[in-house]
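Inside the fold
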Amino acid sequence: MQTIELEKIANEVRKGIISCVYNAKSGHPGGSLSAADIFTYLYFEEMNIDPRNPKDPDRDRFILSKGHTTPVYYSVMAQRGYFPVEELETFRHVGTRLQGHPCMQDIPGIDMSSGSLGQGISAAVGMAIAAKLDGKSYRVYTLLGDGEIQEGQVWEAARAWRQRNSLRRMAFSLR
């Protein structure tokens with residue numbers, strides 16, 4: 001996809017973020033707006049996903065660790081075709097499936113319900129290790145916020161991933 005096309009989509013994603021927050025009269029627009037380009041690139045260029053088959057076992061996964069930035073998550077998913085863009089106007093309303101934190105039971109394409117800071121990267125590392133152990137080639141992405149990086153489990157998850165890869169390299173070098 002051409003850069004200009006991605007820029008246009010990112011602008012539509014930003015409009016969706018503003019629509020979410022405006023209609024809800026609450027939310028976290030700053031963190032969402034700052035991540036619009038990242039989400040647009042991932043969902044329209046990088047990730048192997050198909051909105052028509054959101055449970056494809058070979059799809060790439062995305063875990064939103066900083067769950068309060070759902071406006072950008074929902075907006076990019078709507079732009080990508082997981083649900084109608086008009087539904088963004090229902091963000092955080094009573095009875096809507098677009099709540100303040102993502103819920104995998106309600107929205108196709110969400111790979112993990114999140115909200116508690118620090119847990120997303122732990123789940124993402126677990127999914128990535130599972131993919132490697134199962135011989136799968138899907139990739140797992142996660143987005144963390146600056147505040148949650150102070151959580152100990154974030155660093156434990158990063159260390160577990162690093163140790164797992166170091167042990168694997170060591171095992172190969174011993175052969």
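Residues numbered from 1 in each chain as written. Predicted model: local features only at pLDDT ≥ 70, side-chain atom pairs only at ≥ 80, totals over all residues. Heavy atoms only, no water.

Considering helix H4 (residues 70-80)
With respect to burial, H4 is a largely interior element, 9 of its 11 residues being buried. All of the buried residues in H4 are Thr70, Pro71, Val72, Tyr73, Tyr74, Ser75, Val76, Met77 and Ala78. Looking at the buried positions of H4, the neighbouring elements they touch are helix H1 (3-24), helix H2 (29-34), helix H3 (36-46) and strand E1 (61-64). Phi turns positive, to about 105 degrees, at Gly81, one or two residues after H4. (Buried < 20%, exposed > 50% of the residue type's maximum accessible area, 1.4 Å probe, protein only. Helix = DSSP H or I, 4+ residues; strand = E, 2+ residues; numbered from the N terminus. Contact = heavy atoms within 4.5 Å.)

A closer look at the confidence of the model for the protein chain
Averaged over the protein chain, the pLDDT score is 90; the fraction of residues at 70 or greater is 94%. A low-confidence stretch, residues 169-175 stays under pLDDT 50, and its non-local contacts, those more than four residues away or across chains, total 0 contacts. (pLDDT = per-residue confidence, 0-100.)

Things to note about the pattern of salt bridges
Counted according to the given criterion, the structure contains 8 salt bridges. A salt bridge links Asp37 to Arg14, with the shortest nitrogen-to-oxygen separation between them at 2.8 Å. Here the residue Asp37 occupies a position in helix H3, and Arg14 occupies one in helix H1, the gap between them amounting to 23 residues. Look at Asp37 and you get partly exposed, because its relative accessible area is 46%. Linking Glu87 and Arg97 is a salt bridge whose minimum nitrogen-to-oxygen distance equals 2.6 Å. Separated by 10 residues along the polypeptide, Glu87 in the loop between H4 and helix H5 (119-133) and Arg97 in the loop between H4 and H5 bring together distant segments of the chain. (Salt bridge = Lys/Arg side-chain N within 4 Å of Asp/Glu carboxyl O.)

Observations regarding the environment of Glu151
By secondary structure assignment, the location of Glu151 is in the loop between strand E2 (140-143) and helix H6 (152-174). Taking the C-alpha atoms as reference, Glu151 lies 28 Å from Phe91; in sequence the two are 60 residues apart. Those residues within four positions of Glu151 in sequence are excluded, and the remaining contacts are Leu117 and Gly118.

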